[in-house]
Amino acid sequence: MDILCVIAFVACVGIAVFTFTNVPWDTRMPYDGKYNRSGTGIPMQIAMIPCPLVLIGLWRSGRKPDAHQMTKVGRTGLYILGSAMISACAIGQWVMASGILIAGGYLAG
């Protein structure tokens, strides 16, 4: 799980760096949801933060001293659920970056 977290974190940081270098700095992530009263989206710098933060939290939770005291069923569930959460973070970063790249004019929408 530690290795998977580190790989996903490096991938998320790489996606963020690629996004930051290929779109204008004032690009905003498009958002048309219920709470968007101003008509503008979230700044891309803030939109790229949540997924790496969740990955750091998952990695740190697996490094606790009592993390090794689990049953076989609990450990199996952790591997399945943890892998799914780590994959969801990496995919979420990819989806947010693609929306920002489209809004910034790097990709055709």
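Residues numbered from 1 in each chain as written. Predicted model: local features only at pLDDT ≥ 70, side-chain atom pairs only at ≥ 80, totals over all residues. Heavy atoms only, no water.

Draft legend 1. Quick peek at the nonpolar core. Grouped together as the largest cluster of nonpolar side chains are 18 residues, with contacts concentrated most on M48, L55 and I100. Taken together, the elements giving at least two residues each to this core come down to α1 (2-22), α2 (44-47), α3 (50-61) and α4 (72-104). Ranked by residues supplied to this core, first place goes to α4 with six residues. Ignoring any residue separated from it by four or fewer positions in sequence, one finds L55 in contact with C5, A8, F9, C12, I86 and C89. (Core = buried A, V, L, I, M, F, W, Y, C linked by side-chain atoms within 4.5 Å. Buried < 20%, exposed > 50% of the residue type's maximum accessible area, 1.4 Å probe, protein only. Helix = DSSP H or I, 4+ residues; strand = E, 2+ residues; numbered from the N terminus. Contact = heavy atoms within 4.5 Å.)

Draft legend 2. Up close: the state of the cysteines. Scanning the model with the defined rule gives zero disulfides in all. Among the cysteines around C12, which has no disulfide bond, C51 carries the closest sulfur, lying 5.6 Å off. Accessibility expressed as a relative area gives 0% for C12, which makes it buried. The structure places no disulfide on C51, whose sulfur is separated from the nearest cysteine sulfur, that of C89, by 5.2 Å. (Disulfide = S-S within 2.5 Å.)

Draft legend 3. Representation of the environment of A103. Within the secondary structure, A103 is located in helix α4. A relative accessible area of 44% means that A103 is categorised as partly exposed. Residues in contact with A103, not counting those within four places in the same chain, are T27, R28 and P30.

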